[in-house]
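Listed below, chain by chain, are the residues.
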Amino acid sequence: DERDAFDRARRKGFLEVTGSAWRAERRGAPLLNSYRSLCDAHGQACIVLHKGNNQGSDHIVLDLSPLRLPKQFASMAQTCEATMGIP
């Protein structure tokens, strides 16, 4: 199941997980870690859709650090906040 999710993420450009994707039996979140490593290797933003968090609402997590653009990070973060309507 996690392998299928990883392959779908490679095709779609973002990862979809249920809840936090934490796996107690696997000691952590190997799917999230593997996808983050892939994004880092490709120098692309790491986008993860967490389905069903907090009474059924979904959350999107956008990690821009794999882009390796420290000088532009603040500007990019402000743009994301303005676009998403984050207070």
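Residues numbered from 1 in each chain as written. Predicted model: local features only at pLDDT ≥ 70, side-chain atom pairs only at ≥ 80, totals over all residues. Heavy atoms only, no water.

On to the overall build of the protein chain. Per the secondary structure count, the protein chain includes four helices and three strands. Counting from the amino terminus, the protein chain carries its helices and strands in the arrangement α-β-α-β-α-β-α. Taken over 87 residues, the protein chain has a buried fraction of 26%. Pairs at least 24 apart in sequence give 36% of the contacts found in the protein chain among residues at least 6 apart. (Helix = DSSP H or I, 4+ residues; strand = E, 2+ residues; numbered from the N terminus. Buried < 20%, exposed > 50% of the residue type's maximum accessible area, 1.4 Å probe, protein only. Contact = heavy atoms within 4.5 Å.)

With that settled, the discussion passes to unusual backbone geometry. Even without being a glycine, R68 presents a positive backbone phi close to 55°. As for its position among the elements, R68 is in the loop between strand 3 (57-63) and helix 4 (73-84).

There is a patch of nonpolar side chains on the surface, built from I47, I60 and L62 and spanning about 260 Å² of accessible area. Tracing the backbone shows I47 in strand 2 (residues 46-52). Its relative accessible area of 30% is what places I47 among the partly exposed residues. (Patch = residues over 30% accessible without salt bridge, like charges linked within 9 Å, V, L, I, M, F, W, Y side chains within 5 Å. Areas by Shrake-Rupley, 256 points an atom, 1.4 Å probe, with all protein chains shown as cover. Salt bridge = Lys/Arg side-chain N within 4 Å of Asp/Glu carboxyl O.)

A few words now on the confidence of the model for the protein chain. Detailed reading of the predicted coordinates is not advisable wherever pLDDT is low. When pLDDT is averaged across the protein chain, the result is 84; 84% of the residues are at 70 or more. Per-element averaging of pLDDT across the protein chain places helix 3 (residues 53-56) at the bottom with 64 and helix 1 (residues 2-12) at the top with 94. (pLDDT = per-residue confidence, 0-100.)

Quick look at the packing of helix 1 against helix 2 (residues 30-42) now. Following both chains from N to C, one finds helix 1 and helix 2 inclined at 25°, their axes separated by 10 Å at the closest point. Compared by their axis directions, helix 1 and helix 2 come out roughly parallel. You can see that helix 1 and helix 2 cross each other, and the crossing is right-handed. On helix 2, the residues touching E2, A5, F6, A9 and R10 of helix 1 are P30, L31, S34, Y35 and L38. By residue class, the composition of the contact of helix 1 with helix 2 is seven nonpolar, one polar and two charged. (Axes fitted to C-alpha atoms, helices over the stretch in contact; angles between N-to-C directions. Parallel < 35°, antiparallel > 145°, perpendicular 65-115°, else oblique. Left-handed = near helix turned anticlockwise from the far one by under 90°. Nonpolar A, V, L, I, M, F, W, Y, C, P; charged D, E, K, R; others polar.)

Time to look at the sheet that holds strand 1 (residues 15-18). Across the sheet, three strands lie side by side as 1-2-3; this open sheet has mixed pairing. At either end of the open sheet lies a strand with only one pairing partner, and these are strand 1 and strand 3. Going from strand to strand, the sheet's axes swing by 20° on average, the running direction of each strand aside. Sheet topology places strand 1 next to strand 2; four bridges connect them, and they run parallel. Across the sheet, the residue bridging to T18 is K51, located in strand 2. Contacts between helix 2 and the sheet are confined to strand 1, strand 2 and strand 3, with strand 2 contributing the most and set at about 155° to the helix. (Pairing = 2+ DSSP bridges.)

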